[in-house]
Amino acid sequence: MRLALDEAELAVRGGDVPVGAVVLAPDGTTVLGAGHNEREATGDPTAHAEVLAIRRAAARLGGWRLTDCTLVVTLEPCTMCAGALVQSRVDRVVYGARDEKAGAAGSLWDVVRDRRLNHRPEVVEGVLAAECAGVLTEFFRDR
């Protein structure tokens, strides 16, 4: 989660909401892809931290299946990112702060564990939650 928090700090420098994500290889330590929100920097509405980390991990592996990989993200994924996690076959999602307004991994929706879908990653929530939430609170307080 500390690596994801480092990525979140990079988002702030670009004027974006501080969310950071990393995709870990099956060994749990090798980073396959990392990303932070870049919507403001790129003008791309899909440039969420999770989507960018997934794209970079898939490029590094040479394929779209991220089987046995873990995505670690500072904020609970939204519906778009939750869908991308299901489609990429990530086995585990670890997140810090809950997103009561747009979260899709247990708080508002639970897309990643929807039994109607063909893949349901394990979800671990609340890792360094206070620190992850604090970064977001500070960002919006300054706005």
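The coordinates are above.
Note that the structure is a prediction, hence the values are computed from the model and not measured. (Residues numbered from 1 in each chain as written. Predicted model: local features only at pLDDT ≥ 70, side-chain atom pairs only at ≥ 80, totals over all residues. Heavy atoms only, no water.)

> How do you make sense of the packing of helix H1 (residues 2–13) against helix H5 (residues 129–142) when you look at a structure like this?
Helix packing for two helices is described by the angle between their axes and how far apart those axes are. At a minimum axis distance of 11 Å, the contact between H1 and H5 shows a crossing angle of 5°. The angle between the axes of H1 and H5 places the two elements in the roughly parallel class. Between H1 and H5, the residues in contact are Arg2, Leu5, Glu9 and Val12 and Glu131, Cys132, Val135 and Phe139, respectively. For the contact of H1 with H5, the residue count by class is 5 nonpolar, no polar and 3 charged. (Axes fitted to C-alpha atoms, helices over the stretch in contact; angles between N-to-C directions. Helix = DSSP H or I, 4+ residues; strand = E, 2+ residues; numbered from the N terminus. Parallel < 35°, antiparallel > 145°, perpendicular 65-115°, else oblique. Contact = heavy atoms within 4.5 Å. Nonpolar A, V, L, I, M, F, W, Y, C, P; charged D, E, K, R; others polar.)

> Is there a simple way to explain the nonpolar core in this structure?
By size, the foremost hydrophobic cluster in this structure holds 38 residues, and its most contacted members are Val23, Leu66 and Leu71. Listing elements by their share of this core, those giving two or more residues are H1, strand E1 (20–24), helix H3 (49–61), strand E3 (70–75), helix H4 (79–88), strand E4 (92–97) and H5. In this view, Val23 contacts Thr30, Val31, Leu32, Gly33, Ala53, Ile54, Ala57, Leu66, Cys69, Thr70 and Leu71; residues no more than four positions away in its chain are not counted. (Core = buried A, V, L, I, M, F, W, Y, C linked by side-chain atoms within 4.5 Å. Buried < 20%, exposed > 50% of the residue type's maximum accessible area, 1.4 Å probe, protein only.)

> Help me out: how do you make sense of H4 in this one?
The set of residues buried in H4 consists of Cys81, Ala82, Leu85, Val86 and Ser88. Against H3, E3 and E4 lie the buried residues of H4. Phi turns positive, to about 65°, at Arg89, one or two residues after H4.

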